[in-house]
Amino acid sequence: MTRFAGKVAVVTGAAQGIGAATARRLAAEGAAVAVVDLTAERAAGTVAQITAKGGTARAYGCDVADYDAVEAVFARIAADLGGLHILVNNAGITRDNLFFRMPKADWDAVLTINLTSAYNCSHVAQKYMVAQKYGKIVSLSSRSALGNRGQANYAAAKAGIQGLTATLAIELGPFNVNVNAVAPGYIATAMTAATAERVGSTAEDHQAEAATRTPLRRVGQPEEIASVVAFLASEDASYVSGQTLYVNGGAR
Ligand SMILES: NC(=O)c1ccc[n+]([C@@H]2O[C@H](COP(=O)([O-])OP(=O)(O)OC[C@H]3O[C@@H](n4cnc5c(N)ncnc54)[C@H](O)[C@@H]3O)[C@@H](O)[C@H]2O)c1
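S.K.: Which residues make up helix α2 (residues 40-52), and what are the values?
M.R.: Since there are 3.6 residues in each turn of an α-helix, residues three or four apart along the chain are aligned in direction. Across its 13 residues, α2 extends 18 Å between first and last C-alpha, which sits within 8% of the 18 Å expected from 1.5 Å per residue. In the structure, α2 departs most strongly from a straight axis at Thr46, where the bend amounts to approximately 30°. Of the residues making up α2, those classed as buried are Ala43, Thr46, Val47 and Ile50. Summarising the contacts, the buried residues of α2 are in contact with α1 (17-28), β2 (32-37) and β3 (56-61). Downstream of α2 by one or two residues, Gly54 has phi in the positive range, about 90°.

S.K.: Give me helix α4 (residues 104-132): which residues, what numbers.
M.R.: Helix length check: α4 (29 residues) gives 41 Å between terminal C-alpha atoms against 42 Å at 1.5 Å per residue, within 8%. Taking the largest bend as the criterion, α4 deviates by roughly 40°, centred on Thr112. Just downstream of α4 lies Lys133, where phi reads positive at about 50°.

S.K.: I'd like to hear about the packing of aromatic side chains, residue by residue, with values.
M.R.: Across all of its chains, the model carries 1 aromatic pair by this definition. Pairing Tyr67 with Tyr119 gives two aromatic rings, centres 6.1 Å apart and planes at 35°, and the pair type is tilted. Taken together, the residues Tyr67 in helix α3 (residues 67-81) and Tyr119 in helix α4 connect sequence positions 52 residues apart. Among the residues examined, Tyr119 registers a relative accessible area of 39% and is labelled partly exposed.

S.K.: Which residues make up the packing of α1 against helix α8 (residues 222-233), and what values go with them?
M.R.: Axis separation between α1 and α8 bottoms out at 8 Å; the angle between their running directions is 50°. In this view, α1 runs oblique relative to α8, as classed from their interaxial angle. Crossing geometry of α1 relative to α8 is assigned as right-handed. Across the interface between the two elements, Gly17, Ile18, Ala21, Thr22, Arg24, Arg25 and Leu26 from α1 touch Pro222, Glu223, Ile225, Ala226, Ser227, Val229 and Ala230 from α8. Tallied by class, residues from the contact of α1 with α8 come to 8 nonpolar, 3 polar and 3 charged.

Calculation criteria
Once a new chain begins, its residue numbering starts again from 1 and follows that chain's sequence as written. For this predicted model, a pLDDT threshold of at least 70 governs which residues receive local features, and a threshold of 80 or more governs which side-chain atom pairs are given and counted, while totals over whole chains, interfaces and linings are taken from all residues. Note: side-chain values were computed over all heavy atoms of the structure, leaving out hydrogens and water. Helix numbers and strand numbers start at the N terminus; a helix is a DSSP run of H or I with at least 4 residues, a strand a run of E with at least 2. For a helix, the expected span equals 1.5 Å multiplied by the number of residues minus one. Two axes enter the definition of the bend at a residue: one is fitted to the seven residues ending there, the other to the seven starting there, and the bend is the angle between them. We call a residue buried when its accessible area falls under 20% of the maximum for its residue type, exposed when it is over 50%, and partly exposed in between, using a 1.4 Å probe and counting protein chains only. Throughout, a contact is declared for two residues whenever any of their heavy atoms are within 4.5 Å. Here the aromatic set is Phe, Tyr and Trp, taking the six-membered ring for Trp, and pairing holds for ring centres within 6.5 Å; pairs whose planes are under 30 degrees apart are stacked, those over 60 apart are edge-to-face, and all others are tilted. To obtain an axis, a line is fitted to C-alpha atoms, over the contacting stretch when the element is a helix, and the angle between two such axes runs from 0 to 180 degrees between their N-to-C directions. Any angle that falls under 35 degrees is termed roughly parallel, while one over 145 is termed roughly antiparallel, one within 65 to 115 roughly perpendicular, and all others oblique. Each helix crossing is assigned a hand: it is left-handed if the near helix lies turned anticlockwise from the far helix by less than a right angle, otherwise right-handed if that turn is clockwise. Note on residue classes: Ala, Val, Leu, Ile, Met, Phe, Trp, Tyr, Cys and Pro are nonpolar, Asp, Glu, Lys and Arg are charged, and everything else, Gly too, is polar.

The structure is reproduced here in structure tokens:
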């Protein structure tokens, strides 16, 4: 498939997990992919996986919480790869704690990296997208947006992503920019492995427990989110905008 031939895609937090799978998927379908993570060294592994399969990708170091850094790196990406057509706001962190124990610093960090970074990247990217009257923005929300014990900060940030998405779809739609979000359930990545460790479990046991609560009786894999992000970034979803798509194995 070459749904993204001639397109330049930026994927943030793409050194590992869902971001890496998304970068690989977009590249496999013809996009030139900017693999963005905290350092270019961290992003290099994903780039190597893509280029080994004949794809086009380049590694960029950028803290997406820093607006000026985002502006500078997106300018480099557009110059290096020939434009900026697709943005995947994927970088994220957790700092879980029951609310009464949650320090302000952990509230601020999670809101900044999960939500303000999506403002930063979307705000810079829309300048390119509006000018060329073409763009796709897909952001990572989470099932936790509906409420999750120990994740007041993360739930607020991921619910914020849904409001940002709905509003950007209204404002950018007249410029042929589609804006959508994906809200995964439990996906087996380093993020959920860290959650397991924090609650004194192994990744395997934690996943098995999550599987029992999931109608499909298993947890998700990063590739199963990447394929949905790719759909929303493609012309297959040309009339889909302002939506948050839950991808969680059927859980209500
Ligand atoms: N894993 C899940 O179950 C799950 C569920 C719902 C939503 N999500 C969301 O999906 C996205 C990816 O999750 P994952 O599980 O692959 O996470 P992960 O922790 O495996 O990877 C996140 C990546 O983001 C990068 N990153 C963190 N802060 C950054 C910053 N300031 N600037 C640039 N890069 C930064 C990290 O270095 C890392 O490579 C996140 O937004 C997460 O909240 C994950």
